[in-house]
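# Working through the structure, step by step
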There are 2 protein chains.
Amino acid sequence: MNKATGKVKGRRAILIGGVPMDMDNCPVRDVMDHIGGKWNSLMILMLADGPLRFSELRRLIPDISQRMLTQTLRDLQRDGYLSRTVYPTQPPSVEYGLTHLGRSFLAVLRLFVDWSVENHEAIRKARAEFDAPV
Amino acid sequence: MNKATGKVKGRRAILIGGVPMDMDNCPVRDVMDHIGGKWNSLMILMLADGPLRFSELRRLIPDISQRMLTQTLRDLQRDGYLSRTVYPTQPPSVEYGLTHLGRSFLAVLRLFVDWSVENHEAIRKARAEFDAPV
DNA sequence: CTGGATCCAACTTGATACTG
DNA sequence: CAGTATCAAGTTGGATCCAG
């Protein structure tokens, strides 16, 4: 997907378990395209326990660049996962927190996280076996 | 992530809800990197009702290129989600089906799919509101 | 039929410098 | 403090041709 234009490349309708799925406007792809980024899910997890400020997030996630932090937060806010509150202090401070939608998604995300942790070893094993020179 | 080398770029350890998470070897990112591709999840959904052959998958998913179909199937097989069975016919036919791990992941994936369908409208609405010229 | 190999355009991310 | 702008580099996915 092209995040700049919002346009997607030609997808048509296909059947999933007999249910027609419009590939040009697929909810699953739409959600996945927007939370599948490198930092998006992590951001939601970081905010699970309460709102944090821009600088706090940058400190908590040392590897993220300023640019990606800004972009990730704006994308998540745009899709309704995060709320953004500006406090008119000097200098200004901005706080980000999960919305109702964000907390709703957090539940699904946590299942995914749990599954990943539980099955990571099995995956690594399968991978090693596949890569084995035989 | 670099799929060729398997190397990841410098990620360190951060805290998620007080729990240290090794960013250089994060199970969640590892799983997400490998099933977050354009076709991977769709492939698992397509095989939910039983094994399918290469040519059947290509027919059922018209938009996928031969290259991506091959690559997606191999990636999923490598990670243990799919099994690959070759029938020594002439010409050869190959059947792909979900493994136990694949079916296990399917359950999580279905929750994600359901959530996406349920909340897609809310997301679209939030997006439109955010983009409103105001 | 089921792939492998190559080339290439688009998209994503990072580094760095600058601003209200 | 919380961003924006610009440039550089890496990855992904698609088109096409070839092979067992």
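These numbers come from a predicted model, not from an experiment.

### Quick word on the sheet that holds strand E3 (residues 52-53) of chain A
Picture the strands of a sheet paired through backbone hydrogen bonds; they go either parallel or antiparallel. All names here are of chain A. The strand order across the open sheet built from 3 strands is E3-E5-E4, with neighbouring strands paired in antiparallel fashion. Two strands in the sheet have a free side with no partner beyond their single neighbour: E3 and strand E4 (82-87). Where E4 lies against strand E5 (residues 93-98), 6 bridges are found, and the strand directions are antiparallel. When the sheet's bridge partners are listed, leucine 82 is paired in E5 with leucine 98.

### Side note on the packing of helix H4 (residues 66-78) of chain A against helix H5 (residues 100-131) of chain B
Running from N to C, H4 of chain A and H5 of chain B cross one another at 115°; their axes reach a closest spacing of 8 Å. Where H4 of chain A abuts H5 of chain B, its residues Arg74, Gln77 and Arg78 of chain A lie against Ala126, Arg127, Phe130 and Asp131 of chain B. Tallied by class, the residues present in the contact of H4 of chain A with H5 of chain B amount to 2 nonpolar, 1 polar and 4 charged.

### Re the relation of the copies chain B and chain A
The two copies are related by a screw motion: chain B maps onto chain A through a turn of 180° and a shift of 0.0 Å along the axis, at an RMSD of 0.0 Å. A rotation of that kind, with that shift, is consistent with a two-fold axis. Taking the C-alpha atom as reference, chain B places glycine 36 of chain B closest to the rotation axis, 3.4 Å from it. By residue overlap, the copies meet face to face through one surface: 98% of the interface positions of chain B are interface positions in chain A.

### Side note on the sheet that holds strand E4 (residues 82-87) of chain B
A sheet is described by the order of its strands in space; here 3 strands give the open sequence E3-E5-E4 (chain B), paired in antiparallel fashion. Two strands in the sheet have a free side with no partner beyond their single neighbour: strand E3 (52-53) and E4 of chain B.

### Considerations on the protein's contact with DNA strand D
Neighbouring residues of DNA strand D: 21 residues in total, closest Ser55, Arg84 and Tyr96 of chain A together with Lys38 and Arg67 of chain B. Counting only atoms of DNA strand D within 4 Å of the protein, the fraction found in sugar and phosphate groups is 65%. At 2.8 Å, a side-chain N or O of glutamine 66 of chain A approaches a base oxygen of DNA strand D. Partitioned by chemical class, the residues of the surface near DNA strand D number 8 nonpolar, 7 polar and 6 charged.

### Focus on the packing of aromatic side chains
Tallied over the full model, the rule gives 8 aromatic pairs over all chains. Clustering of aromatic rings is evident, with ring pairs tying together Tyr81 and Phe105 of chain A together with Phe112 and Trp115 of chain B.

### Let's talk about the domain arrangement of chain A
For chain A, the assigned domains read domain 1 (1-33) and domain 2 (37-129). For domain 1 of chain A versus domain 2 of chain A, the separation of C-alpha centres amounts to 24 Å.

### Some words on the pattern of salt bridges
Residue and element names in this part refer to chain A. Under the defined criterion, the tally for this structure stands at 8 salt bridges over all chains. As a salt-bridge pair, arginine 29 and aspartate 33 come within 3.2 Å of each other at their nearest N and O atoms. Separated by 4 residues within a single helix, arginine 29 and aspartate 33 lie in helix H1 (residues 27-35), roughly one turn from each other. Accessibility expressed as a relative area gives 12% for arginine 29, which makes it buried.

Cut-offs used in this document
- Residues numbered from 1 in each chain as written.
- Chains lettered and ligands numbered in written order.
- Predicted model: local features only at pLDDT ≥ 70, side-chain atom pairs only at ≥ 80, totals over all residues.
- Heavy atoms only, no water.
- Pairing = 2+ DSSP bridges.
- Helix = DSSP H or I, 4+ residues; strand = E, 2+ residues; numbered from the N terminus.
- Axes fitted to C-alpha atoms, helices over the stretch in contact; angles between N-to-C directions.
- Contact = heavy atoms within 4.5 Å.
- Nonpolar A, V, L, I, M, F, W, Y, C, P; charged D, E, K, R; others polar.
- Least-squares fit on C-alpha atoms with pLDDT ≥ 70 in both.
- Near = heavy atom within 4 Å.
- Polar contact = N/O pair within 3.5 Å; in protein donor to acceptor, adjacent residues only side chain to side chain.
- Phe/Tyr/Trp six-rings, centres within 6.5 Å; stacked < 30°, edge-to-face > 60°.
- Domains from an automatic or database assignment.
- Salt bridge = Lys/Arg side-chain N within 4 Å of Asp/Glu carboxyl O.
- Buried < 20%, exposed > 50% of the residue type's maximum accessible area, 1.4 Å probe, protein only.

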